[in-house]
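Per-entry structural report
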Amino acid sequence: MKNTLFLWLFVGLLFISMSIPLVLEKVPPNRWYGFRVAKTFSSERIWYSANRVAGYDLLSVGILTVVIAVVTRLLFNQMGSTNAHIVNFTFFISALVIAVIHSFLNLNRL
C-alpha cells in the first residue's frame, strides 16, 4: 500500500510541476511541451490563452491525484494494493478526461 501512495503522489506532483509554467504563460510555442494543436499554433495569443487554461486543468488533475492518493491511504488501508491502484487510476483517468474535454471546449471559444 505504501508503494501505491508514493506512485500516485509522484504522478500528482509531476502534473502539478508541469502545469505551473503553463499557468504562468512561461512556455512559448514549441513542438514538445504544452497544448499543441493546429489552432494553438495559429497565434501567440491563442497559444498562451489555451495553455493557461490547460495548465489550470492539469494543476487540478495533479491536486486531485495527490488528495485521492492520501485519502485512499488513510481511509482504505485495508483494501490492498491492487484495489488502491484501481481507485487511484479511475479517479486519475476520469479527471484527465474531464480536463482534456474542458481544454478543447475552451479552445473552441478562442
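Throughout this document, residue positions are counted from 1 along each chain, in the order its sequence is written. This being a predicted model, a pLDDT of at least 70 is required before a residue's local features are given, and a value of 80 or more before pairs of side-chain atoms are given or counted; all residues contribute to the totals for chains, interfaces and linings. Hydrogens and waters are ignored; side-chain quantities use all the structure's heavy atoms.

**Re the overall build of the protein**
For the protein, the count of helices and strands is three helices and zero strands. Helix and strand definitions here come from DSSP, where helices need a minimum of 4 consecutive H or I residues and strands a minimum of 2 consecutive E residues; each element is numbered from the N-terminal end. Of the regular secondary structure in the protein, the N- to C-terminal order runs α-α-α. In terms of its C-alpha atoms, the protein occupies a principal-axis envelope of roughly 50 × 20 × 20 Å. Counting all 110 residues of the protein, 35% fall into the buried class. The contacts in the protein between residues at least 6 apart in sequence include a share of 67% that link residues at least 24 apart. Using the Shrake-Rupley algorithm and a 1.4 Å probe, accessible areas are obtained, with residue cover drawn only from the displayed protein chains. Carbon and sulfur atoms provide 70% of the accessible area of the protein, an area that totals close to 6,600 Å². Only protein chains enter the accessibility calculation, which uses a 1.4 Å probe. A residue is then buried if its area is under 20% of the maximum for its type, exposed if over 50%, and partly exposed in between. In this analysis, two residues are considered to be in contact whenever any of their non-hydrogen atoms come within 4.5 Å of each other.

**Concerning the layout of surface pockets**
Considered as a void within the structure, the largest pocket measures approximately 240 Å³ in volume. We place a 1 Å grid over just the protein atoms. Points where a 1.4 Å probe fits but has no way out form a cavity, open points with protein on both sides within 12 Å along at least 5 of 7 lines form a pocket, and any residue with an atom within 4 Å of a point lines it. Along the wall of the largest pocket there are 16 residues; nearest its centre are Gly34, Phe35, Ala54, Leu58 and Val100. Counting residues per element, the ones that place at least two in the lining of the largest pocket are helix H1 (2–23), helix H2 (44–75) and helix H3 (81–109). A total of five residues in the lining of the largest pocket trace back to one element, the largest contributor, which is H3. Any residue outside Ala, Val, Leu, Ile, Met, Phe, Trp, Tyr, Cys, Pro, Asp, Glu, Lys and Arg is labelled polar, Gly included; the first ten of those are nonpolar and the last four are charged. Each residue belonging to the lining of the largest pocket can be placed in one class, and the counts come to 11 nonpolar, three polar and two charged. Grid points are joined across faces, edges and corners, and a volume is the space filled by probe spheres set on the points.

**Here we look at the environment of Phe104**
Mapped onto the elements, Phe104 comes out in helix H3. Those residues in contact with Phe104 that sit more than four places away from it in its chain are Phe35 and Val37.

**Things to note about the confidence of the model for the protein**
How sure the predictor is of each residue is captured by pLDDT, a score from 0 to 100. Per-chain confidence: the protein averages 93 in pLDDT, with 98% of residues scoring 70 or above. Taken element by element, the predicted model of the protein shows its lowest mean pLDDT in H1 (93) and its highest in H2 (96).

**Here's the deal with the environment of Phe10**
If you trace the backbone, Phe10 turns up in helix H1. Sequence-wise, Phe10 and Gly62 are 52 residues apart; in three dimensions their C-alpha atoms are separated by 9.4 Å.

**Some remarks on the nonpolar core**
Here, nonpolar core means buried Ala, Val, Leu, Ile, Met, Phe, Trp, Tyr and Cys residues that are tied together by side-chain atoms lying within 4.5 Å of each other. If you look at the biggest cluster of nonpolar residues, it comprises nine residues: Leu5, Trp8, Val11, Phe15, Val61, Ala69, Phe92, Ala95 and Ala99. Breaking this core down by element, the ones donating at least two residues are H1, H2 and H3. For this core, the leading source of residues is H1, giving four residues. For Val11, the residues in contact, after removing those within four places along its chain, are Thr65 and Phe92. By size, the runner-up hydrophobic cluster in this structure holds five residues, among which are Ile46, Ala50, Ala54 and Leu107.

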